[in-house]
Amino acid sequence: MTDARGVIRLEGLRRSYGRVTALDGVDLEVRPGELITLVGPSGSGKSTILRLIAGLDRPDGGRVYVDGQDVARVPPHRRAVAMVFQDYALYPHLTVRGNLLFGLQVRRVRRAEAERRVRAAAERLAIADLLDRYPDQMSGGQRQRVALARALLREPSVYLLDEPLASLDAPLRFATRADLLALHRELRTTTIHVTHDQHEAMTLGERVVVLAGGRVRQVGPPQQVYDQPADTFVAGFLGSPPMNLVPGGGVLGGKADVTLGVRPEDLALDARGPLAVTVEAVEALGSEAIVLTRCADGTRLTVRTGPRPGVAPGDEVRLRPDPARLHRFDATTGLRR
Ligand SMILES: Nc1ncnc2c1ncn2[C@@H]1O[C@H](COP(=O)(O)OP(=O)(O)O)[C@@H](O)[C@H]1O
Ligand SMILES: [Mg+2]
């Protein structure tokens, strides 16, 4: 049993709501101590997966194993998981201290011991000076920390974090992301972190799971998923701006039964390059620029360049794709070849 602590296994999970298929056969194994990110567009089934693991909802088919144990008959409060919701779900009529003590009281932890643990968790998340406030007297970032502290106090085998950073503004999101990483390095508790944000997925996860339409499209280390996307969906979803995908190969020189892809950073402005294009727009982003171009056959290609590309809309220029970085997908199935 002990070696299975922190292992999550999902087998053929299915869940429909009326005619909506939220999960269409999800298999996944999360390793003990791993921080894995679950990323996908809105509606792809991310929250449903977490709710099924937490026991807040039941699958129509398939199995959930927590710590090596099938938890089909285990009620939510007995599962060794702690979930943090996007909207924090704090009790509005309780102070921070009351919110943090609540779960410990339910588990009949003695008052003095409970107070000690609450203080330790509050200090770790830098909210010790907020213990007497009510949720509506705090900012979103502070409420988020309280929700994390509450999860910490459950001392679970697994943390389930549902878009915990989504409602924070950019600087706070950046800081909190670093805090989450530090916390995980220290505790090494298995964590499934759900996000729709690809940057968050890439920078936080030891592995990334890409979900679309209730199916797992790819699982792997972030760089591997980026470098070798399993299908055209993953290719287009990870990367900003997205990969250029040319059905039939077209200007990139493929055959009819393939879709060829090349990322914007793998196309260079080069006077002797093989592709003739017209510049349509230049987006200067400070540290880099995005040049939007169009070929004679109408194909649009996005190019990532240094901050000052020296081209303007209307210019006729040439591009050189990096031949080692062309991606080949089946034109019908979209799968990588
Ligand atoms: N309780 C529910 N009732 C009806 N439809 C639901 C319910 N929960 C989720 N869904 C639907 O299931 C799909 C997946 O939802 P969800 O897991 O919340 O996606 P995500 O978290 O990736 O945005 C969506 O189409 C959503 O509308
Ligand atoms: Mg969700």
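Residues numbered from 1 in each chain as written. Chains lettered and ligands numbered in written order. Predicted model: local features only at pLDDT ≥ 70, side-chain atom pairs only at ≥ 80, totals over all residues. Heavy atoms only, no water.

Caption draft 1: Layout of the pattern of salt bridges. Under the definition given, this model contains 24 salt bridges. Ionic pairing is found between D24 and R215, a salt bridge with its closest N-O pair at 3.0 Å. Note that D24 is positioned in strand β2 (residues 20–30) and R215 in strand β10 (residues 215–220), a separation of 191 residues in sequence. The partly exposed category is assigned to D24, whose relative accessible area is 22%. For R215, a relative accessible area of 44% puts it in the partly exposed group. For D179, the salt bridge is made with R145, and the minimal N-O distance between the two is 2.4 Å. In this pair, D179 is assigned in helix α5 (residues 170–187) and R145 in helix α4 (residues 140–153), connecting sequence segments 34 residues apart. (Salt bridge = Lys/Arg side-chain N within 4 Å of Asp/Glu carboxyl O. Helix = DSSP H or I, 4+ residues; strand = E, 2+ residues; numbered from the N terminus. Buried < 20%, exposed > 50% of the residue type's maximum accessible area, 1.4 Å probe, protein only.)

Caption draft 2: Here's a closer look at the pairing of strand β15 (residues 289–295). Taking burial as the measure, the seven residues of β15 include five buried ones, the bulk of the element. Alignment of strand β14 (residues 275–284) against β15, held across seven bridges, turns out to be antiparallel. Within β15, the residue paired with V282 across the bridge is V291. Count of turn residues in the β14/β15 antiparallel hairpin: four residues, of which G286 carries a positive phi of about 90°. Here six bridges tie β15 to strand β16 (residues 300–305), and the two strands are oriented antiparallel to one another. Across the sheet, residue R294 finds its bridge partner in β16, namely R300. The antiparallel hairpin formed by β15 and β16 contains four residues in its connecting segment, where G298 sits at a positive phi of about 95°. (Pairing = 2+ DSSP bridges.)

Caption draft 3: Quick peek at the packing of aromatic side chains. Evaluated as defined, the whole model comprises two aromatic pairs. Measuring from centroid to centroid gives 4.8 Å for Y91 and F102, while their planes differ by 55°, and the two rings are tilted. Of this pair, Y91 sits in the loop between β6 (81–84) and α2 (96–106) while F102 sits in helix α2, and the two are 11 residues apart along the sequence. When the ring centre of Y65 is taken as reference, the NZ or CZ atom of R9 above it lies at 4.4 Å. (Phe/Tyr/Trp six-rings, centres within 6.5 Å; stacked < 30°, edge-to-face > 60°. Lys NZ or Arg CZ within 6 Å of the ring centre and 35° of its normal.)

Caption draft 4: View of the site of ligand 1. Taken together, Y17, V20, A22, P41, S42, G43, S44, G45, K46, S47, T48 and R51 make up the full set of residues near ligand 1. Here a nitrogen atom of ligand 1 sits 3.4 Å away from a polar atom, N or O, in the side chain of R51. Bound to the protein, ligand 1 loses 61% of the 560 Å² it would expose on its own. Within the residue set of the shell around ligand 1, elements represented by two or more residues are β2 and α1 (46–54). In terms of residue count, α1 provides more of the shell around ligand 1 than any other element does, four residues in total. When the residues that make up the shell around ligand 1 are grouped by side-chain class, the tally is four nonpolar, six polar and two charged. (Near = heavy atom within 4 Å. Polar contact = N/O pair within 3.5 Å; in protein donor to acceptor, adjacent residues only side chain to side chain. Areas by Shrake-Rupley, 256 points an atom, 1.4 Å probe, with all protein chains shown as cover. Nonpolar A, V, L, I, M, F, W, Y, C, P; charged D, E, K, R; others polar.)

Caption draft 5: Representation of the sheet that holds strand β4 (residues 61–66) in the model. On the basis of which strands lie adjacent, the open sheet formed by four strands has the order β2-β1-β4-β5 and antiparallel pairing. Of all the strands in the sheet, the pair left with one neighbour each is β2 and β5 (69–70). Here α1 sits on the sheet in contact with β1 (8–17), β2 and β4, set at roughly 115° to β1. (Contact = heavy atoms within 4.5 Å. Axes fitted to C-alpha atoms, helices over the stretch in contact; angles between N-to-C directions.)

Caption draft 6: Structural view of the domain arrangement of the protein chain. According to the domain assignment, the protein chain consists of domain 1 (2–234) and domain 2 (241–330). Placing the centre of domain 1 and that of domain 2 at their C-alpha centroids yields a distance of 39 Å. Contact with domain 2 buries area across many residues of domain 1, yet Y226, P229 and T232 alone supply 77% of it, more than any other trio. Our count for the domain 1 to domain 2 interface comes out at zero salt bridges. (Domains from an automatic or database assignment. Buried area = accessible area lost by both parts, 1.4 Å probe.)

Caption draft 7: Seen up close, α1. For α1, the tally of buried residues reaches seven of nine residues, placing the bulk of the element in the interior. Looking at α1, one finds that the buried residues are K46, T48, I49, L50, L52, I53 and A54. G55 sits one or two residues past α1 and shows a positive phi near 85°.

Caption draft 8: Spatial organisation of the nonpolar core. Formed by 31 residues in total, the largest nonpolar core has its most connected members in V96, L100, V118, I127 and V146. Listing elements by their share of this core, those giving two or more residues are β6, α2, α3 (111–124), α4, β7 (158–162) and α5. Setting aside its immediate chain neighbours within four residues, L100 contacts V118, I127, L131, V146, A149, R150 and L153. (Core = buried A, V, L, I, M, F, W, Y, C linked by side-chain atoms within 4.5 Å.)

Caption draft 9: Broad picture of the layout of surface pockets. Computed from the structure, the largest pocket encloses a volume of approximately 670 Å³. Residue assignment for the lining of the largest pocket shows that the elements contributing at least two residues are β6, α2 and α4. Among the elements that line the lining of the largest pocket, the one with the most residues is α2, at six residues. In terms of residue class, the lining of the largest pocket is built from 16 nonpolar, three polar and four charged. (1 Å grid on protein atoms, 1.4 Å probe; cavity = no way out; pocket = protein on both sides within 12 Å on 5 of 7 lines; lining within 4 Å. Points joined across faces, edges and corners; volume = space filled by probe spheres on them.)

Caption draft 10: Main features of the sheet that holds strand β13 (residues 267–269). Taking strand neighbours across the sheet as the criterion, the five strands line up as β13-β17-β14-β15-β16 in an open arrangement whose pairing is antiparallel. Both edges of this open sheet fall to β13 and β16, since each of them pairs with a single strand only. Taking the axes of each pair of neighbouring strands and ignoring which way they run, one obtains an average angle of 45° across the sheet. Across four bridges, the pairing between β14 and strand β17 (residues 316–321) is antiparallel. When the sheet's bridge partners are listed, A276 is paired in β17 with R318.

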